[in-house]
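Architecture and fold: a report
The lines below spell out each chain.
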Amino acid sequence: MLTRRAFAVGAGAVASATLLDPRFGHGELIRAAARFDAASQNNVVRLSVSSGRHEFYKGKPTRTYGYSAPILGPVLRLRRGDRVEMVVHNAIHFPTTVHWHGLLVPGDADGGPQQRINPGATWRPVLTVDQPAATLWYHPHPHHDTGRQTYLGLAGLIIVDDGDDRGLPRDYGVDDLPLIIQDREFDLDGSLGYDPGQLGVVYGVRGDTVIVNGAIRPTARVPAGWVRLRLLNAANARNFELRFQDRRTFYIIASDGGFLARPVPMSELRISAAERFEILVDFSNQQSVVLETGPDRVMGIFGTISDSDTYEYVPAMRFEVGSAATFGRLPSELVDPGAMDPSAAVRRRQFVLNNGVCGQRTWMSEHPDIPALVGINGQVHDPNRIDVETKLGTSEIWEIVSVGMPHPFHVHGAMFRVLTLDGKPPPEHLAGRKDVVLVEGKAELLVNFTRPATREHPFMYHCHILEHEDAGMMGQYTCA
Ligand code: C2O
Ligand code: CU
Ligand code: CU
């Protein structure tokens, strides 16, 4: 692992910082991306997929991609009940697509691999927003190039607002902060290379440097009260193990598909690739605190993240607390999750997520009769094959089995509830509406199909380790 390189790049900045904690030598304030309020622009949202330069390290600009920005993209705020016209222009030299992850729209507006936008072209889907308030996101989904395009910076947040604040903090950029958490590995000159190699294909591409909203160890200034953090793990592969350095308790209020039944107190939270959680943190004691992440525990030696390749926690960002108090409180109830009725499921299917170990890949590919090593149910993704046909308005039980390592399993165009994880009911914070779940052994999901998708524009389901997805751990389904 090339852990020392990144340290050397940052050394100049560290040396010049005197009063600050040396790990926060940049003293860089966190960027909460501009929030783009669709309703205030007649519900027309323009995004330009572009290349740019971004200084992760001062004086060492990195070549990046972004949506109408050098890196990442605006936070899109969409109102429930609105029809929003998206105008997506591709200004990079590669075909791309833009997928609205977690947004419940028909297959032809979903932005999967079929909705290819060629260089110079513009895609104009109209999105009808009809789902509860939630934190969602958007990212590229082109065939075999999703990992690279995301790694170089393409990702953004979507906030669906349903008009009911529930007394929660809602002052965007002040006490309602988006945190897009990723890991990267920088070269000495500050550049980001993307070359998964065989190891990256097997385990997913991982880095030794945590970035939050496109910055290395930034600082956020927050008011002395309750603050709502909208967490997104937009890493290619890594699961983050988040906690505050002082081990304070925080409260999970929402997961992928929206609010939980009630706030769930925790002091450490695993967030797997593509997952979202909203948390409430109390800063009223006015103590500055560091948010840190541990190694990716489910990955053993491949999960370390510290400079020294040990199993230590590393700082992700820091909170500095001002004196102004804020509006906002900890509610006791949030939302009625509704009954979960597995007996209403019309059928059960099994999906085995296959991947082998390093070194066997090439050998296996010479034996077409042996199940594919990166695939689902022994098959590599084929855009010309519909794997599953579902019926609109029904539910099914999907049993997911992880082979080789834990995989974060995601379904497009539908929300699900986790029935069991390794035979047990899920912990409370994983019991709400979700669209991705880390499957360590086996999971049973109750998937609810509420949006149509044709053979021409099917929905995808896949592992959200982007290198696994690019290598073919993906299938597609219709819904009619
Ligand atoms: Cu984040 Cu196919 O999705
Ligand atoms: Cu998705
Ligand atoms: Cu996987």
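One structure accompanies this document, and this report is about it.

How each quantity is defined
Residues numbered from 1 in each chain as written. Chains lettered and ligands numbered in written order. Predicted model: local features only at pLDDT ≥ 70, side-chain atom pairs only at ≥ 80, totals over all residues. Heavy atoms only, no water. Helix = DSSP H or I, 4+ residues; strand = E, 2+ residues; numbered from the N terminus. Buried < 20%, exposed > 50% of the residue type's maximum accessible area, 1.4 Å probe, protein only. Contact = heavy atoms within 4.5 Å. Areas by Shrake-Rupley, 256 points an atom, 1.4 Å probe, with all protein chains shown as cover. Donors = N, O, S within 2.8 Å, 3.2 Å for Na, K, Ca; no water. Pairing = 2+ DSSP bridges. Axes fitted to C-alpha atoms, helices over the stretch in contact; angles between N-to-C directions. 1 Å grid on protein atoms, 1.4 Å probe; cavity = no way out; pocket = protein on both sides within 12 Å on 5 of 7 lines; lining within 4 Å. Points joined across faces, edges and corners; volume = space filled by probe spheres on them. Phe/Tyr/Trp six-rings, centres within 6.5 Å; stacked < 30°, edge-to-face > 60°. Lys NZ or Arg CZ within 6 Å of the ring centre and 35° of its normal.

Scanning the protein chain from terminus to terminus reveals 5 helices and 32 strands. Expressed as a percentage of its 480 residues, the buried residues of the protein chain come to 59%. Of the contacts made within the protein chain by residues no fewer than 6 positions apart, 77% connect residues no fewer than 24 positions apart. For the protein chain, the accessible area works out to roughly 18,200 Å², and carbon and sulfur atoms hold 51% of it.

Turning next to the coordination of the copper ion (ligand 3). Each angle at a metal carrying four tetrahedral donors should ideally be 109.5 degrees, and each at a metal carrying six octahedral donors should ideally be 90 or 180 degrees. Surrounding the copper ion (ligand 3) are the protein donor atoms His407 (ND1), Cys463 (SG) and His468 (ND1), at 2.0 to 2.1 Å. Every donor residue of the copper ion (ligand 3) comes from the same chain, spaced as H-x55-C-x4-H. In this pair, His407 is assigned in strand 27 (residues 407-411) and Cys463 in strand 31 (residues 459-463), connecting sequence segments 56 residues apart.

The strands making up a sheet are joined through hydrogen bonds of the backbone, oriented either antiparallel or parallel. In space, the 5 strands of this open sheet follow the order 25-32-31-27-29, with mixed pairing throughout. Here the strands that pair on one side only, and so sit at the sheet edges, are strand 25 (388-390) and strand 29 (436-439). If you compare each strand with its neighbour and ignore which way they point, the axes differ by 25 degrees on average. Of the strand pairs in this sheet, strand 25 and strand 32 (residues 474-479) are connected by 3 bridges, and their pairing is parallel. Bridge assignment links Thr390 to a residue of strand 32, and that residue is Cys479.

Below, the discussion takes up the coordination of the copper ion (ligand 2). Within the protein, His99 (NE2) and His410 (NE2) serve as the donor atoms for the copper ion (ligand 2), at 1.9 to 2.0 Å. Taken together, the positions of His99 in strand 6 (residues 98-101) and His410 in strand 27 put the pair 311 residues apart, joining distant regions of the chain. Exposure class is identical for His99 and His410. Each is buried.

Taken as a whole and judged by the stated rule, the model has 7 cavities of 30 Å³ or more. Of the volumes computed, that of the largest cavity is approximately 190 Å³. In terms of lining, the largest cavity is formed by 18 residues, of which the most central are Ile159, Asp161, Asp165, Arg228 and Arg230. If you list the elements that add at least two residues to the lining of the largest cavity, you get strand 9 (134-140), strand 10 (156-161) and strand 15 (226-233). For the lining of the largest cavity, the element with the highest residue contribution is strand 10, accounting for 3 residues.

Time to look at the packing of aromatic side chains. Across all of its chains, the model carries 22 aromatic pairs by this definition. Here the aromatic rings of Phe449 and Tyr477 are separated by 5.3 Å at their centres, their planes lie at 65 degrees, and the arrangement is edge-to-face. With Phe449 in strand 30 (residues 442-449) and Tyr477 in strand 32, the pair connects residues that are 28 residues apart, well separated along the chain. Neither Phe449 nor Tyr477 differs from the other in exposure class; each is buried. Ring-pair connections join several aromatic residues into one group, and the members of that group are Phe351, Trp398, Phe409, Phe449, Phe459, Tyr461 and Tyr477. Residue placement shows Arg184 over the ring face of Tyr151; its charged tip is 4.5 Å from the ring centre.

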